[in-house]
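The chain contents come next:
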Amino acid sequence: MTESPSPVKVAALYHFAVVDDPAALRLQVLPLCEEHGLKGTILLASEGMNGTIAGTPEAIGAVIAGLRLLPGFSELDVKYSEASVMPFLRMKVRLKKEIVSMGVEGVDAATQKGNYVDPQQWNDLIADPDTVVIDTRNGYEVAIGSFDGAINPDTRSFRDFPAWFDEFSEQLRQKESKKPKIAMFCTGGIRCEKATAYVKAQGFDDVHHLKGGILKYLEHVPESESLWKGDCFLFDQRVAVGHGLRESDYGQCYACRMPLNAADRASPDYIPGEACPHCIDQRSDEQRARYRERQRQVEQAAKQGRQHLGTA
């Protein structure tokens, strides 16, 4: 890792917008980031922009301001945090088919998404007995926390969500005399925002999603008023956070990506980097040998004071 004399500012950003020429947009975004010495990854597609970048507070401020000047990106959603060391090795701007992979053609989150609901109004929406509340995250994320009463699709990836909803929607149509009010949420807002566009395309009109996701809710809604139960899984070294975005006591299994609590880590089935109680019997000897070698490389890199490439 690269040591920093002052805290590194990290910006997680996304916005759905109609992009006619992602390659041309890349020629604007990459030089802007490189000019200010940022590192991280930004994905560009015809549906918009998604990424995480890091640098000095001044550099992050200048780049975010520059990105918001690009046509269609004035409302770029950004969440800030700090890191004591630079979490990335280089700056990458990649062209993708989707900025968040759903695998369904024609989903237009730029113009057909559901209604934003601010964290302060979210409780009233999901407390309404007529609201169907859906957690759009993967099963291993839901396992450590969710809103009380939310439906868990128990998916392994976001690409599984459309098939799950197609089946679930038949139940809704059979049980409801009228189309229900649907509220969806995810970690930072991007997945549930795209999910609302898919759900609306299936003929459901009264569709809403939590603006800024769970993270914005945990940041702004006092714990005494919160309807959130448990912790929120993250795709970074913190693994999970709770109310006030306080870091929770979780590790993570490299083999299956499951979050691990203290009891999991104390289990004889937990082998750092190789296996945990959730996957000890689900991996081949060949897979475990690969995980073991990767863990050896990670530990060796840590002893040498550098970051292993596979963790960047």
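None of these values were measured; they are calculated from a predicted model.

Student: I keep staring at the overall build of the chain and nothing clicks. Help me out?
Tutor: Each helix and strand in the chain was counted, giving 10 helices and 15 strands. A compact globule built from 312 residues should have a C-alpha radius of gyration of about 20 Å, and the chain, at 20 Å, falls within 12% of that. Considering the chain as a whole, with its 312 residues, one finds that 50% of them fall into the buried category. The long-range share in the chain, meaning contacts at least 24 apart out of those at least 6 apart in sequence, stands at 65%. Of the roughly 15,700 Å² that the chain leaves accessible, carbon and sulfur atoms contribute 47%. For the chain, the distance from the average site of its 37 positive side-chain charges to the average site of its 44 negative ones is 5 Å.

Student: How do you make sense of the pairing of strand β2 (residues 39-45) when you look at a structure like this?
Tutor: Residues in a regular strand point their side chains to alternate faces of the sheet. Among the 7 residues that make up β2, 5 are buried, leaving the element largely enclosed by the rest of the structure. Relative to strand β3 (residues 48-55), β2 runs antiparallel, the two being bridged by 7 bridges. From the neighbouring strand, Ile42 faces β3, where its bridge partner is Gly51. Hairpin connection of β2 to β3: 2 residues between the antiparallel strands. Here 5 bridges tie β2 to strand β5 (residues 91-95), and the two strands are oriented parallel to one another. The partner of Gly40 across the bridge, within β5, is Met91.

Student: Whenever I open this one, the packing of helix α1 (residues 22-35) against helix α2 (residues 57-68) confuses me. Can you help?
Tutor: Closest axis-to-axis distance for the α1/α2 pair is 9 Å, and the angle between their directions is 165°. Our classification of the angle between α1 and α2 gives roughly antiparallel. The two elements α1 and α2 cross, and the hand of that crossing is right-handed. Facing Val29, Leu32 and Cys33 of α1, the residues of α2 in contact are Val63, Gly66 and Leu67. Here the residues of the contact of α1 with α2 sort into 5 nonpolar, 1 polar and no charged.

Student: How do you make sense of the nonpolar core when you look at a structure like this?
Tutor: Soluble globular proteins tend to pack their nonpolar side chains together in the buried interior. Grouped together as the largest cluster of nonpolar side chains are 28 residues, with contacts concentrated most on Phe16, Ile134, Phe161, Phe165, Ile182, Met184 and Val199. Element by element, the count of residues in this core is highest for helix α7 (residues 190-201), at 6 residues. When neighbours within four sequence positions are excluded, Val199 is seen to be in contact with Phe161, Phe165, Ile182, Met184, Phe204 and Val207. Counting 25 residues, the second largest nonpolar core, distinct from the first, contains Leu25, Leu44, Ile53 and Leu76.

Student: Could you clarify how one ought to interpret the pattern of salt bridges in this entry?
Tutor: Side chains carrying opposite charge are able to pair once their charged atoms draw close together. Considering all chains together, one arrives at 16 salt bridges under this definition. Salt-bridge contacts for Arg173 lead to Glu170; the nearest nitrogen and oxygen are separated by 3.4 Å. With Arg173 and Glu170 both in helix α6 (residues 161-175) and 3 residues apart, this pair spans about one turn of that helix. On the basis of relative accessible area, Arg173 is assigned to the partly exposed category, the value being 39%.

Student: For this particular structure, what's the right way to read the side chain of Asp231?
Tutor: Tracing the chain through its elements places Asp231 in the loop between β11 (228-230) and β12 (232-233). The side chain of Asp231 sits in the buried core without any salt bridge; Arg246 is the nearest counter-charge, 8.0 Å away. A polar atom in the side chain of Asp231 sits 2.6 Å from the side chain of Ser248. Non-local contacts of Asp231, meaning those with residues more than four positions away in its chain, are made with Ile144, Gly145, Ala240, Val241, Gly242, Ser248 and Tyr250.

Student: When you look at the sheet that holds strand β7 (residues 131-135) in this model, what are you seeing that I'm missing?
Tutor: Whenever strands of a sheet pair, they do so through backbone hydrogen bonds, lying parallel or antiparallel. Ordered in space as β6-β10-β9-β7, the 4 strands form an open sheet in which the pairing is parallel. Each edge of the open sheet carries a strand with a single partner, namely β6 (115-117) and β7. Looking at each pair of strands side by side, their axes are set apart by 30° on average, direction ignored. When β6 meets strand β10 (residues 207-210), the two strands line up parallel, connected through 3 bridges.

Student: Even after reading the chapter, I still don't get unusual backbone geometry, so can you show me in this structure?
Tutor: The bulk of non-glycine residues show a negative phi, and the bulk of peptide bonds are trans. Even without being a glycine, Asp154 presents a positive backbone phi close to 55°. Looking at the secondary structure, you find Asp154 in the loop between β8 (145-147) and α6. Its identity is not glycine, yet Arg257 carries a phi of approximately 75°, on the positive side. Along the chain, Arg257 falls in the loop between β14 (251-252) and β15 (259-260).

The rules behind the values
Throughout, a residue's number is its position along its own chain's written sequence, starting from 1. Totals for whole chains, interfaces and linings use all residues, but because this is a predicted model, local features are given only for residues with pLDDT of at least 70 and pairs of side-chain atoms are given and counted only at 80 or more. As a convention, hydrogens and water are excluded, and side-chain values are obtained from all of the structure's heavy atoms. For helices the rule is a DSSP run of H or I covering at least 4 residues; for strands it is a run of E covering at least 2, with both sets numbered from the N terminus onward. What the globule rule says is 2.2 Å times the number of residues to the power 0.38, and the radius of gyration is computed from C-alpha atoms. The buried label goes to any residue with under 20% of its type's maximum accessible area, the exposed label to any with over 50%, and the partly exposed label to all in between, with areas taken from a 1.4 Å probe on protein chains only. Here, two residues are considered to be in contact whenever any of their heavy atoms come within 4.5 Å of each other. Each accessible area is a Shrake-Rupley result for a 1.4 Å probe, and residues are judged covered by the shown protein chains and nothing else. Counting rule for charge: Lys and Arg are taken as positive, Asp and Glu as negative, and neither His nor the chain ends is counted. Taken as the charge centre is NZ of Lys, CZ of Arg, CG of Asp or CD of Glu, depending on the residue. Note on pairing: two strands pair once DSSP finds at least 2 bridges between them. Note on method: axes are straight lines fitted to C-alpha atoms, helices fitted across the in-contact stretch only, with angles between N-to-C directions ranging 0 to 180 degrees. Here is the rule for angles: anything less than 35 degrees is roughly parallel, anything more than 145 is roughly antiparallel, 65 through 115 is roughly perpendicular, and the remaining ranges are oblique. Crossing handedness is read from the near helix: turned anticlockwise from the far helix by less than a right angle, it gives a left-handed crossing, and turned clockwise, a right-handed one. In this classification, the charged set is Asp, Glu, Lys and Arg, the nonpolar set is Ala, Val, Leu, Ile, Met, Phe, Trp, Tyr, Cys and Pro, and all remaining amino acids, among them Gly, are polar. Among the buried residues, those of types Ala, Val, Leu, Ile, Met, Phe, Trp, Tyr and Cys that are joined through side-chain atoms within 4.5 Å form a nonpolar core. Any carboxyl oxygen of Asp or Glu that lies within 4 Å of a side-chain nitrogen of Lys or Arg is treated as forming a salt bridge with it. Two N or O atoms count as a polar contact when they lie within 3.5 Å, although within protein this holds only if one can serve as hydrogen donor and the other as acceptor, and sequence-adjacent residues are included solely when both atoms are side-chain atoms.

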